Every structure is written in structure tokens, then in C-alpha cells.
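Residue-level structure breakdown
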Amino acid sequence: MSIHENLLGGPPPTRLPDDPEPRELLESGTAPEEVAAKYPASSLAWAQLADAAYEGGRVVESYAYARTGYHRGLDALRRNGWKGHGPVPWEHEPNRGFLRALHALARAAREIGEKEEYERCSTFLRDSSPLAADTLG
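Residues numbered from 1 in each chain as written. Predicted model: local features only at pLDDT ≥ 70, side-chain atom pairs only at ≥ 80, totals over all residues. Heavy atoms only, no water.

Considerations on the packing of helix 4 (residues 59-79) against helix 6 (residues 115-128)
What counts here: Throughout, an axis means a line fitted to C-alpha atoms (over the contacting stretch in the case of helices), and angles, computed between N-to-C directions, take values from 0 to 180 degrees. Note on conventions: DSSP H or I runs of at least 4 residues are helices, E runs of at least 2 residues are strands, and numbering of each starts at the N terminus. For classification, angles of less than 35 degrees are called roughly parallel, those exceeding 145 degrees roughly antiparallel, those between 65 and 115 degrees roughly perpendicular, and all remaining angles oblique. Less than a right angle of anticlockwise turn of the near helix away from the far helix marks a crossing as left-handed, whereas a clockwise turn marks it as right-handed. Contacts are residue-level and defined by heavy atoms, with any inter-residue pair within 4.5 Å sufficient.
Their axes nearest at 14 Å, the elements helix 4 and helix 6 cross at an angle of 45°. Comparing their axes, helix 6 and helix 4 come out oblique. Along this stretch, helix 4 crosses helix 6, giving a crossing that reads as left-handed. Of the residues in helix 6, those in contact with Tyr63, Arg67, Tyr70 and Leu74 of helix 4 are Glu117, Arg120 and Phe124.

Below you can see the structure in the form of C-alpha cells.
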């Protein structure tokens, strides 16, 4: 028996394929707006836009950016075998853009009074990756 075998019978963790170009551009200081325009499927770029808008007090804008990153991430997860539930490990760096967008969506939903969406996204984040939920707050 492998030490990585899922003894509970749930789905295996989903690990998105690496897409280093948008991440490297963001790490080098390229504006997230430019990265999102060049790589619109990058949840990480949308998550960074959501964070910047939130930090600037533009909560509705943050919500819109986060929702875009979240949906682009769902598309990527589904293309990679995710069936609507199961682990999306924070430890796998390519998953972090989706998880950050999901966190940003929950945060913005809470701020605009979308209680049900806040609770749904918060639960989804914790169910996908407890480490992401703890790391992102």
C-alpha cells in the first residue's frame, strides 16, 4: 500500500498543470492587468487583481476579479479531471491561483453582504485545501 493512497475512497487530489509564464511575469513585477490581458485563463493574475482592488477599498471590483479567477480555475480543474469535489492541494503551486481567487471571492462576498456565497466559498476553500484556508486566513 502506498503512503499516498486515499483510504477514505474519495477522489484523488487534483493538481493543475504548471503554467509558468504568467507566474514568472507576476513575480518579475509585471502588472497583473497586463498578465490577465495576455493570459486570461490565469487564475493567479485575477486573484492578484482582486487582492489589489480589495486593498484599495474597491470591494465590488475585487468581487468581479475574484469571480473571474474562480471561474477560470473551475474550468481548468474540470479539464484536469476534477469532478466537483475533492482535494485541490495548496502545496501544489499551480493550484494556488484558483485557491487564492476562491478566498478572494469569499472575502469580497462577505464584505458586500452575500452571506450564502461567503459561507459556500469558505466551505469550498476549506474542503479543497485546509492548508490554503489556514494560510490565506
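Further notes follow.
What to know about the layout of surface pockets
Summary: where empty space remains is shown by rolling a probe the size of a single water molecule over the atoms. Counted only if it meets this: Put simply, the grid is 1 Å and covers the protein atoms alone, a cavity is a trapped set of points that fit a 1.4 Å probe, a pocket is an open set with protein on both sides within 12 Å along at least five of seven lines, and lining residues have an atom within 4 Å of a point. Grid points are joined across faces, edges and corners, and a volume is the space filled by probe spheres set on the points. Three classes are used: nonpolar for Ala, Val, Leu, Ile, Met, Phe, Trp, Tyr, Cys and Pro, charged for Asp, Glu, Lys and Arg, and polar for all others, with Gly counted as polar.
By volume, the largest pocket is sized at about 490 Å³. If you go around the largest pocket, you meet 25 residues; those closest to its centre are Asp19, Ser42, Ser43, Leu44 and Pro94. Those elements that provide at least two residues to the lining of the largest pocket are helix 1 (20-27), helix 3 (43-55), helix 4 and helix 5 (96-111). Taken together, the residues that form the lining of the largest pocket break down as 10 nonpolar, six polar and nine charged. Of the voids in this model, the second largest pocket is the one considered here, and its volume is about 180 Å³. Forming the walls of the second largest pocket are His103, Ala106, Arg107, Arg110, Tyr118, Ser122, Leu125, Arg126, Ala133, Leu136 and Gly137. For the lining of the second largest pocket, the per-class residue count stands at five nonpolar, three polar and three charged.

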